[in-house]
Amino acid sequence: MATGGVDDPGVARGIAYLTVSQGADGFWNEPRYTATGFPRVFYLRFHGYTKFFPLWALARYRNLKSGNTRAVTFGM
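Residues numbered from 1 in each chain as written. Predicted model: local features only at pLDDT ≥ 70, side-chain atom pairs only at ≥ 80, totals over all residues. Heavy atoms only, no water.

Enquirer: Explanation requested: the overall build of the protein chain in the structure shown.
Expert: The number of helices and strands found in the protein chain is two helices and two strands. The order of helices and strands in the protein chain, counted from the N terminus, is α-β-β-α. What you see for the protein chain is a C-alpha radius of gyration of 15 Å, clearly larger than the 11 Å of a compact globule of 76 residues, by over 25%. Considered along the principal axes of its C-alpha atoms, the protein chain spans approximately 50 × 30 × 20 Å. If you take every contact in the protein chain between residues at least 6 apart in sequence, the share linking residues at least 24 apart comes to 46%. (Helix = DSSP H or I, 4+ residues; strand = E, 2+ residues; numbered from the N terminus. Rg over C-alpha atoms; globule rule 2.2 N^0.38 Å. Contact = heavy atoms within 4.5 Å.)

Next comes the structure, spelled out in structure tokens:
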């Protein structure tokens, strides 16, 4: 979407995946670690990632599809 490909089939598949994989609590379950710390020593889990980024993608998709332009004018 950031490159103007909001109508790309890959974007539609990603949005469909987010829609069907959303949990009953409104969030997405991520059982694995979300970042590396030191491989084989410790790993990190950012609990906000599974709440923030999927919602951001869905909102961006909605806004680009319903807006006057399909391109991101600034920022991410």
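After presenting the structure, the write-up continues.
Enquirer: What is the right way to read the nonpolar core from this model?
Expert: General note: in soluble globular proteins, nonpolar side chains tend to be found buried as a group. By size, the foremost hydrophobic cluster in this structure holds five residues: Val6, Val11, Ile15, Tyr61 and Leu64. When contributions to this core are tallied by element, the ones reaching two or more residues are helix H1 (9-21) and helix H2 (49-66). (Core = buried A, V, L, I, M, F, W, Y, C linked by side-chain atoms within 4.5 Å. Buried < 20%, exposed > 50% of the residue type's maximum accessible area, 1.4 Å probe, protein only.)

Enquirer: Just checking my understanding: could you explain the packing of aromatic side chains for this structure?
Expert: Geometrically, a pair of aromatic rings is defined through the distance of the ring centres and the angle of the planes. Taken as a whole and assessed by the stated rule, the structure comprises six aromatic pairs. Here the aromatic rings of Phe52 and Phe53 are separated by 5.0 Å at their centres, their planes lie at 80 degrees, and the arrangement is edge-to-face. On the basis of relative accessible area, Phe52 is assigned to the partly exposed category, the value being 48%. For Phe53, a relative accessible area of 37% corresponds to the partly exposed category. Relative to Trp56, the ring of Phe53 lies with its centre 5.9 Å away and its plane at 35 degrees, an arrangement referred to as tilted. Here the residue Phe53 and the residue Trp56 both occupy positions in helix H2, the gap between them amounting to three residues, near one helical turn. Given a relative accessible area of 32%, Trp56 falls into the partly exposed group. (Phe/Tyr/Trp six-rings, centres within 6.5 Å; stacked < 30°, edge-to-face > 60°.)

By themselves, these figures tell us nothing about what the structure is for.
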